Amino acid sequence: MSEKLKTGFIGTGVMGKSLVKHLLKAGHEVVVYTRTKEKAEELISIGASWASNPCEAASNAQIVFTMVGYPHDVEEIYFGEQGILAANNRGLVLVDMTTSTPTLAQKIEQVAKEKEMLSLDAPVSGGDIGAQSGKLSIMCGGEIETFDKMLPVLSLFGETIYYQGPAGAGQHTKMCNQITIATGMIGVCEALSYGKKAGLDLDQVLRSISTGAAGSWSLSNLAPRMIAGNFEPGFYIKHFVKDMKIALEEAEKMNLQLPGLQLTKSMYDELVAQGYEDNGTQSLIKLYE
């Protein structure tokens, strides 16, 4: 897109940092805020500006992106005394890319409308690799007009971008994504464990099964990390546990039983108890070693 936009970006963690780089590369003006300024120093050195709080980041922006850890973080940065909504910036578009709750997405939209702002819940999938390459899957909820307006900017980060429905629909879709990944991770770990016990070359096994009917993003991208013993986070265990908890709570509201998800969460809870919450989700293989 030719128009250069004033954007705010709140949350420059593993994935957020890459998204800011895409905005800067496209020539957009970016003001960043994160709780620990040191985490934003690299971005400031390549052209981003620093805001001392979320309100300041939103005050002169046309769009504010948020990508933080937990729903309570989303509450704080939007509704806090120095939060985004305190900026009273009419026409501002709010894009929350955090995996959060559908109810909170609906609350943000309601208050945004009262302040003559627009909003989207736009959680993503694709991990650190997708963020770096600009090939994330982005699942959007809100007004269709807002989605259409934001699509050119979201295309800087995403390759698969779909409108899912009204506010909260993006978050519900992300829960479908996380449920699929959750039980699939058990399959990846058990396949590698079986192959190892059978004395197979696991790299060769992956070459055979990754492109067949068993193929998945986790098999292609996380199984090699498991084999290499690389447990650095592309996506933190602690955040995955949060997502599974949200999905189970939403399922309970719908009177829906998800035994596979319950099993996976219990296994990740065990990893958290062992002190691995800051490891990547591929660390599930540890329970099989």
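Below: a short report on this structure.

Conventions and cut-offs
- Just so you know, the residues in each chain are numbered from 1, in the order the chain's sequence is written.
- Under the rules for a predicted model, residues below a pLDDT of 70 receive no local features and side-chain atom pairs below 80 are neither given nor counted, while totals for whole chains, interfaces and linings still include all residues.
- Each side-chain value is worked out from all heavy atoms of the structure, with water and hydrogens disregarded.
- Under the scheme used here, helices are H or I runs from DSSP no shorter than 4 residues and strands are E runs no shorter than 2 residues, and both carry numbers assigned from the N terminus.
- Helix span is expected to be 1.5 Å times the residue number reduced by one.
- Each residue is assigned to one of three classes by its accessible area relative to the maximum for its type, calculated with a 1.4 Å probe on protein chains only: buried under 20%, partly exposed between the two thresholds, exposed over 50%.
- The arc in question is the one traced by the directions running from the helix axis out to the C-beta atoms.
- Pairing of aromatic side chains requires ring centres within 6.5 Å, counting the rings of Phe and Tyr and the six-membered ring of Trp. Pairs whose planes differ by under 30 degrees are stacked, by over 60 edge-to-face, and all others tilted.

1. A closer look at helix α13 (residues 259-273)
The first and last C-alpha atoms of α13 sit 21 Å apart over 15 residues, in line with the 21 Å expected at 1.5 Å per residue. For α13, the set of buried residues is L261, T264, K265, M267, Y268 and L271. When α13 is viewed along its axis, its buried side chains cluster within an angular range of 160° and face the same direction. Residues of α13 that are exposed and point over 90 degrees away from its buried face: P259 and A273. Positive backbone phi, approximately 95°, marks G275, located one or two places after α13.

2. What to know about the packing of aromatic side chains
In the structure shown here, the tally under the stated rule is six aromatic pairs. Between F65 and F157, the ring centres sit 5.5 Å apart and the planes meet at 80°, which makes this aromatic pair edge-to-face. Separated by 92 residues along the polypeptide, F65 in strand β4 (residues 63-66) and F157 in the loop between α7 (144-154) and β9 (158-165) bring together distant segments of the chain. Neither residue differs from the other here; F65 and F157 are each classed as buried. With a centroid separation of 5.2 Å and an interplanar angle of 80°, the aromatic rings of F240 and Y268 are classed as edge-to-face. Of this pair, F240 sits in helix α12 (residues 237-253) while Y268 sits in helix α13, placing them 28 residues apart in sequence. Y268 matches F240 in its accessibility class, with the two residues each being buried.

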